[in-house]
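# Geometric and topological summary
Each chain, letter by letter, is given below.
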Amino acid sequence: MFNRIRLVAGLAAVLVLGPSGAAVAHPAPEQRPRMERLDRGLVAAVTPDGVFLSWRLLDHEERKAFRVLRDGRLIATVTGSTNYLDRDGDASSVYHVGNAAVRPWSQGWIDMPLQKPADGVTPAGVAYTYRANDMSVGDVDGDGALEYVVKWDPTNQKDNSQVGYTGNVHVDTYELDGTLKNRIDLGVNIRAGAHYTQFLVYDFDGDGKAEIMLKTAPGTRSGTGAYVTMPRGDLRAGFRNTDDYRLSPAGYYEHLVTTFRGWHAHPEVVAGRWPATLEQAFGIEPRYAYPLSDADARALTDYYMDVYAPSRSANNKPRQFEGFILSGPEYLSVFAGDTGRELQTIHYQPGRTDDGLMWNDYAGGRIEPGNRGDRFLATVAYLNGRRPSAVFARGYYSRSTLVAYDWDGRRLHERWFADSGWVTVDNPFNGKVFGGATELAGQGFHSLSSADVDNDGKQEIVYGSATLDDDGSLLYSSADVMPPGTPDAGTIRPLGHGDAMHVADIDPARPGLEIFTAHENSRAPYGYALREAATGKVIYGAFAGRDVGRGMVGDVVPEVPGLETWANVPDGSGVLGVRSATGETLSNTTPGTNMSIRWAADMTTQIVTGSGDATPMITDWRRGTLLTATGTLTNNSTKGNPALVADIFGDWREELLLRTTDSSAIRIYLSTEVTDRRLPTLLHDPQYRVETARQQTGYNQPAYPSFYLGSALQIAVPQ
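Fair warning: this is a prediction, and the values are worked out from it, not measured in the lab.

### Points about the confidence of the model for the protein chain
For the protein chain, per-residue confidence averages 93 on the pLDDT scale, and 94% of positions sit at 70 or higher. Throughout residues 1-26 the model reports pLDDT below 50, and contacts reaching past four residues in sequence, or to other chains, amount to 65 contacts.

### Quick notes on the layout of surface pockets
Looking at the largest pocket, its volume works out to about 1500 Å³. As for the largest pocket, its lining consists of 49 residues, and the residues nearest its centre are Arg-372, Tyr-397, Ser-398, Gly-442 and His-497. Broken down by class, the residue content of the lining of the largest pocket amounts to 11 nonpolar, 25 polar and 13 charged.

### Considering helix H2 (residues 249-261)
Here H2 spans 19 Å end to end across 13 residues, near enough to the 18 Å set by a 1.5 Å rise per residue. Lining the buried residues of H2 we find helix H4 (278-282) and helix H5 (294-312).

### What about the sheet that holds strand E40 (residues 578-579)?
Pairing within the open sheet is antiparallel, and its four strands lie in the order E38-E39-E40-E41. Of all strands in the sheet, those bounded by a partner on one side alone are strand E38 (550-554) and strand E41 (585-587). In terms of strand pairing, E38 meets strand E39 (residues 564-568) through five bridges, oriented antiparallel. Pairing of Gly-554 across the sheet is with Glu-564, part of E39.

### A word on the side chain of Thr-675
Among the structural elements, Thr-675 can be located in the loop between strand E49 (665-669) and helix H6 (686-694). Here Ala-601 takes part through its backbone oxygen, which lies 2.8 Å from a polar atom of the side chain of Thr-675. Looking at Thr-675, its side chain comes within polar contact range of the main-chain nitrogen of Arg-677, at 3.0 Å. Excluding anything up to four places from it in sequence, Thr-675 contacts Ser-81, Asn-83, Ala-601, Asp-651, Trp-652 and Arg-653.

### Here we look at the nonpolar core
Counting 63 residues, the largest nonpolar core has Met-135, Tyr-148, Val-150, Ile-648 and Ile-666 as the members making the most contacts within it. The dominant element in this core, judged by the number of residues it contributes, is strand E14 (residues 130-138), at four residues. Each residue touching Ile-666, except ones within four places of it in the same chain, is listed here: Ile-110, Asp-111, Met-112, Leu-114, Ala-132, Met-135, Val-150, Ala-643, Leu-657, Leu-658 and Arg-659. Judged by nonpolar contacts, the second largest core, of 30 residues, contains Leu-247, Tyr-304, Phe-324 and Leu-357.

### Examining the pattern of salt bridges
The tally for this structure, following the rule as stated, stands at 37 salt bridges. Here Asp-294 makes a salt bridge to Arg-298, at a shortest N to O gap of 2.9 Å. Of this pair, Asp-294 and Arg-298 are both found in helix H5, four residues apart, which corresponds to roughly one turn of the helix. Arg-319 is the partner of Asp-302 in a salt bridge, and the nearest nitrogen-oxygen pair spans 2.9 Å. Of this pair, Asp-302 sits in helix H5 while Arg-319 sits in the loop between H5 and strand E20 (331-336), placing them 17 residues apart in sequence.

### Examining the sheet that holds strand E5 (residues 50-54)
One open sheet holds the three strands; their spatial order is E4-E5-E8, and the pairing between them is antiparallel. At either margin of the open sheet sits one strand with a lone partner, and together these are strand E4 (43-47) and strand E8 (83-86). Taking the axes of each pair of neighbouring strands and ignoring which way they run, one obtains an average angle of 20° across the sheet. Sheet analysis places E5 next to E8, joined by four bridges and oriented antiparallel. Bridging from a neighbouring strand, Phe-52 pairs with Leu-85 of E8.

About the criteria used
Residues numbered from 1 in each chain as written. Predicted model: local features only at pLDDT ≥ 70, side-chain atom pairs only at ≥ 80, totals over all residues. Heavy atoms only, no water. pLDDT = per-residue confidence, 0-100. Contact = heavy atoms within 4.5 Å. 1 Å grid on protein atoms, 1.4 Å probe; cavity = no way out; pocket = protein on both sides within 12 Å on 5 of 7 lines; lining within 4 Å. Points joined across faces, edges and corners; volume = space filled by probe spheres on them. Nonpolar A, V, L, I, M, F, W, Y, C, P; charged D, E, K, R; others polar. Helix = DSSP H or I, 4+ residues; strand = E, 2+ residues; numbered from the N terminus. Expected span 1.5 Å × (residues − 1). Pairing = 2+ DSSP bridges. Polar contact = N/O pair within 3.5 Å; in protein donor to acceptor, adjacent residues only side chain to side chain. Core = buried A, V, L, I, M, F, W, Y, C linked by side-chain atoms within 4.5 Å. Buried < 20%, exposed > 50% of the residue type's maximum accessible area, 1.4 Å probe, protein only. Salt bridge = Lys/Arg side-chain N within 4 Å of Asp/Glu carboxyl O. Axes fitted to C-alpha atoms, helices over the stretch in contact; angles between N-to-C directions.

In structure tokens:
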């Protein structure tokens with residue numbers, strides 16, 4: 001029989017009891033990860049039934065009761081939760097809980113006004129405007145209240161594989177009242193799109209004020225308006241902040257001419273791993289002497305652009321290639337969150353090396369320069385169990401790299417660097433992989449997670465189908481046997497790349513965390529899989545034979561123990577269905593997979609739906625639509641991501657943050673269902689907090705706490 005998990009409210013006195021009844025002791029204060037010093041987070045909103053109030057329980061508190069005052073008069077003493085419905089209050093009331101005081105919102109949401117960047121025009125003469133996109137939060141000024149960091153994407157933002165110029169990316173920091181504290185302009189040398197700019201907002205040095213870290217380039221301007229400080233070596237080499245590395249079609253042509261002229265000296269050619277001549281690479285008869293002359297290199301470039309590339313795919317139109325940034329310095333910058341002042345800029349590690357030849361961007365049918373090497377990820381992790389580190393990653397389809405930094409308030413210090421090495425091919429223009437990389441290569445996803453998977457008090461990096469230990473070494477790389485009836489039946493193949501990943505305590509009857517993944521590779525042994533987070537071993541899963549683009553976990557069937565898992569195939573048929581934590585099929589239909597939210601009073605999971613121009617909604621699989629967010633939109637096209645879903649104030653429930661249809665504001669929705677569940681703010685759970693910082697990365701994925709959070713969680717208030 002399933003035993004409910006019991007959590008004593010106030011994490012200073014946490015006791016988690018699993019099905020075995022064994023207690024897990026909470027670390028002593030001096031051993032805990034350093035978390036933000038947050039205020040009470042009190043909010044109030046007028047509802048049809050009265051005024052709903054909600055506030056934070058902080059992780060260090062053993063407080064038994066909260067006194068609620070309206071207009072200076074005590075109206076309630078709350079012990080069993082951190083919310084209250086005042087049926088006699090109205091919009092003019094003033095409420096106090098402890099030292100916090102608020103006036104109610106007029107409804108269950110509030111708008112945070114935004115200042116949209118000016119419209120622009122690309123070098124090709126195409127006009128664009130701006131839309132608010134992904135968000136993050138952090139206390140940038142040390143007052144205990146969160147500020148809101150908004151990334152602005154131009155309307156011409158591109159996927160890495162798409163041709164075209166984009167406008168500049170801007171990163172703004174706002175107070176809740178709409179005060180713009182600073183704006184970082186990433187400049188012309190950072191392309192706009194989901195995979196280019198991953199920004200971390202976190203108090204890395206423990207001074208009480210969050211920093212902002214992200215990839216920059218010559219031309220980036222800090223929040224004070226100054227250009228970033230270029231390393232002296234780059235200045236001596238002639239690079240300037242006024243440089244523009246975006247390639248026009250003519251520029252790309254010249255780029256290939258230069259590449260071809262240097263073919264004989266390429267290290268892979270010299271080592272004998274690539275064809276000695278471009279004619280061999282293209283499969284044509286020998287024509288030219290090497291080193292190539294300028295005229296011969298241009299002749300081969302013409303042949304490549306007009307004959308060879310289109311023969312590989314009708315989508316290959318290299319004479320139209322423009323907007324790609326394939327050269328120039330790349331930086332990692334740290335900015336003060338409060339002012340946007342640049343604190344340090346270093347070279348981004350590793351550099352791109354080339355335009356994609358080594359990254360296998362030319363080896364397949366589709367030729368996509370600057371694709372695989374410009375896939376970036378970032379997260380925060382408590383790698384030593386105490387202090388947060390910043391982790392930045394490059395690549396996951398082939399070569400995969402990650403670097404971890406500590407910030408001491410003045411300088412970045414590299415903690416470790418992990419590199420799979422190159423995934424080599426016999427012909428970079430039409431090749432087959434024949435080795436040359438570690439088990440980390442090709443296992444990454446469009447996101448990553450930080451979680452203590454081995455229960456040693458330090459967080460590991462779950463990089464899709466592989467996991468790095470807290471010291472950057474490979475903990476494991478998941479693979480399994482291809483099932484009967486498949487082309488590779490009986491062979492062991494890696495689980496490989498995928499689009500959706502969730503790291504949580506999905507099955508509380510099992511020790512530790514689990515990982516649920518949906519896989520894009522049609523030749524992977526699983527289209528979706530639930531794995532042990534500690535070992536990477538598959539608990540259950542199913543072969544799909546095609547791209548399974550989305551998957552989700554959550555407590556949507558509360559009478560069944562644990563969280564449920566589900567995944568959808570691209571045609572939306574939902575044939576992979578909903579399964580229990582133990583693998584039992586519960587339904588052949590599925591809830592949505594864009595983003596989950598903890599919105600209900602009973603700790604079940606809800607889903608945020610709506611993509612493109614559709615109105616976002618919060619839906620419950622049993623109760624139907626709980627919220628229709630009229631006048632707002634989600635982000636990132638078919639991904640349908642909110643700007644943010646996180647427990648940013650009030651009780652333990654998550655708020656929904658969406659851009660208004662004209663991006664004039666971020667609308668923040670508050671759940672006003674009265675709950676009798678009392679739980680510390682999720683932002684004081686280390687895994688949830690770093691996952692919130694990571695949520696904006698790549699294909700946005702939900703944040704999960706380090707403990708089981710579902711309807712079976714029972715919470716006892718200290719007596």
